[in-house]
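Observations on the model geometry
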Amino acid sequence: MDNGKRYGAELLGTFLLVFFGAGTAVAALDTGGVVVVALAFGLVLLALVYVFGPVSGCHVNPAVTLGALLTGRISLPGAIGYWIAQVLGGIAAGFLIFALSHWGDVPDQTGHLGANEYGATINLGGALVLEIVLTFFFVLVVLVVTSRTEQVGVTGLAIGLALGTCHLVAVTLDGTSVNPARSIGPALFNGGAPLSQLWVFIVAPLIGGALAAAASPLALRAARTGPRRPQAGADTP
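Residues numbered from 1 in each chain as written. Predicted model: local features only at pLDDT ≥ 70, side-chain atom pairs only at ≥ 80, totals over all residues. Heavy atoms only, no water.

Structural notes on the overall build of the protein chain
As a reminder of what qualifies: Secondary structure counts use DSSP, requiring at least four H or I residues in a row for a helix and at least two E residues in a row for a strand, with both numbered from the N terminus. The quantity called the radius of gyration is restricted to C-alpha atoms. Its globule counterpart is 2.2 Å times the number of residues to the power 0.38. Note on classification: 1.4 Å probe, protein chains only; a residue is buried when its accessible area is under 20% of the maximum for its type, exposed when over 50%, partly exposed between these limits. Exposure was quantified through the Shrake-Rupley algorithm and a 1.4 Å probe, taking into account, for residues, occlusion by the shown protein chains and nothing else. Only four residue types enter the tally: Lys and Arg on the positive side, Asp and Glu on the negative side, with His and both chain ends excluded. Charged side chains are reduced to one point each, which is NZ for Lys, CZ for Arg, CG for Asp and CD for Glu.
Tallying secondary structure elements over the protein chain gives 9 helices and 0 strands in all. Its helices and strands taken in sequence order, the protein chain reads α-α-α-α-α-α-α-α-α from the N to the C terminus. Compactness check: the protein chain gives a C-alpha radius of gyration of 17 Å against a globular reference of 18 Å for 237 residues, within 12% of the reference. Expressed as lengths along the three principal axes of its C-alpha atoms, the size of the protein chain is roughly 55 × 40 × 30 Å. Counting only residues that meet the buried cut, the protein chain has 51% of its 237 residues in that class. Just so you have it, the protein chain exposes about 10000 Å², and 71% of that area is on carbon and sulfur atoms. Counting 9 positive and 10 negative side-chain charges, the protein chain places the centres of these two groups 21 Å from one another.

Let's talk about the packing of aromatic side chains
The line we're drawing: A pair of Phe, Tyr and Trp rings is counted when the ring centres sit within 6.5 Å of each other, with Trp represented by its six-membered ring. The angle between the planes then sorts it: under 30 degrees is stacked, over 60 is edge-to-face, the rest tilted.
For the structure on display, the rule yields 7 aromatic pairs. With a centroid separation of 6.2 Å and 70° between ring planes, the pair formed by Phe95 and Trp103 is classed as edge-to-face. Its relative accessible area of 39% is what places Phe95 among the partly exposed residues. Chaining the aromatic ring pairs together yields one cluster made of Phe95, Phe98, Trp103 and Phe189.

Some words on helix H4 (residues 76-102)
Given 3.6 residues per turn, any residue in an α-helix points the same way as the ones three and four places further on. To be explicit about the condition: In this scheme, a helix's expected span is set at 1.5 Å multiplied by one less than its residue total. Whenever two N or O atoms come within 3.5 Å, that pair is a polar contact, provided that in protein one can donate a hydrogen and the other can accept it, and provided that, for residues adjacent in sequence, both atoms are side-chain atoms.
Given a rise of 1.5 Å per residue, 27 residues ought to cover 39 Å, and the 39 Å separating the end C-alpha atoms of H4 matches this to within 8%. The N-cap of H4, judged by a side-chain oxygen 3.2 Å from the amide nitrogen of Gly78 a few residues on, is Ser75.

Regarding the packing of helix H1 (residues 3-32) against H4
Each packed pair of helices is defined by two parameters, the angle between the axes and the distance between the axes. Note the cut-off: Note on method: axes are straight lines fitted to C-alpha atoms, helices fitted across the in-contact stretch only, with angles between N-to-C directions ranging 0 to 180 degrees. Handedness of a crossing follows from how the near helix is turned relative to the far one, being left-handed for an anticlockwise turn of less than a right angle and right-handed for a clockwise one. Lys, Arg, Asp and Glu make up the charged group, whereas Ala, Val, Leu, Ile, Met, Phe, Trp, Tyr, Cys and Pro make up the nonpolar group; the residues left over, Gly among them, are polar.
Axis separation between H1 and H4 bottoms out at 7 Å; the angle between their running directions is 35°. For the element pair H1 and H4, the recorded crossing hand is right-handed. Considered class by class, the residues forming the contact of H1 with H4 number 16 nonpolar, 7 polar and 2 charged.

Details of H1
We count it as follows: Here the bend at each residue means the angle between axes fitted to two seven-residue stretches, the one ending at that residue and the one beginning there.
Maximum bend of H1: about 50°, positioned at Val26. Among the residues trailing H1, Gly33 stands out with phi positive, at a value near 95°.

Regarding the side chain of Thr146
As for its placement among the helices and strands, Thr146 is situated in the loop between helix H5 (124-145) and helix H6 (155-170). With relative accessibility at 9%, the residue Thr146 sits in the buried group.

Digging into a nonpolar patch on the surface
Condition: Grouping into patches uses exposed residues only, defined as over 30% relative accessible area, and leaves out salt-bridged ones; the cut-off is 9 Å for like charges and 5 Å for nonpolar side chains (Val, Leu, Ile, Met, Phe, Trp, Tyr). We define a salt bridge as a contact between a side-chain nitrogen of Lys or Arg and a carboxyl oxygen of Asp or Glu at a distance within 4 Å.
Where nonpolar side chains cluster on the molecular surface, the patch consists of Leu11, Leu76, Ile80, Ile84 and Leu88 and spans about 430 Å² of accessible area. With 4 residues, H4 is the largest single contributor of residues to the nonpolar patch. Inspection of the secondary structure assignment puts Ile84 in helix H4.

Details of the packing of H4 against helix H7 (residues 180-190)
Convention followed: Each angle is binned into one of four classes, with values under 35 degrees roughly parallel, values over 145 roughly antiparallel, values of 65 to 115 roughly perpendicular, and all other values oblique. Contact between two residues is taken to exist if any of their heavy atoms lie within 4.5 Å; hydrogens are not considered.
Packing of H4 against H7 brings their axes to within 7 Å, and their N-to-C directions diverge by 40°. Relative to H7, the element H4 is oriented oblique. Two packed elements cross with a definite hand, and for H4 against H7 that hand is right-handed. Across from Gln86, Val87, Gly90, Ile91, Gly94, Phe95 and Phe98 in H4, the residues of H7 making contact are Ala181, Ile184, Gly185, Pro186, Leu188 and Phe189. Here the residues of the contact of H4 with H7 sort into 9 nonpolar, 4 polar and no charged.

Without other data, these values stay purely geometric and don't point to any function.
See the structure below:
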């Protein structure tokens, strides 16, 4: 398939993920609560997997692309193209959230455009550990379920549930990143602490993605050697 279509799918997919996810936090964190924000992130990713999975694999996350690179699913030039597209998509979403908040009279219920930051409820070390562990879990789910051919139809459900679970854990702690592109866009337009702390939400998810790439062959090997039973997950091209 044409690389332009893949990169376009990653840009648009990341834009939609960040806009609907972080945008829900901005519009409804106080009135809707953590569950609403977690559902927004999980449900939009679930839908995106089925829309863009056949085009680009629907990484929409530099940590997922790093995991795919380290497991040999994508070439280095392809990964670089995905990363550029994902970051641009996140920045575009951050700008639209900024525009709605500043010029569209949308009250910002997070106070920082839905950006990630630590300090109020978790310190630097805690944020690093939290983001590494959550991203490890999320990227491991993505790599494992997209490597299996059983029950193709539930791949998006597994991935969406994994992302939603991550947000249930961390929304009140650091806003939940597990995705550098999701963090970059809002931080650029908010400035302040989220921008100065942005490196945490780039480095930690990438470490988590790399660890998931190292662990995924073990999970797949255990599944192949274990008792045969119905498995959730399937390949996403």
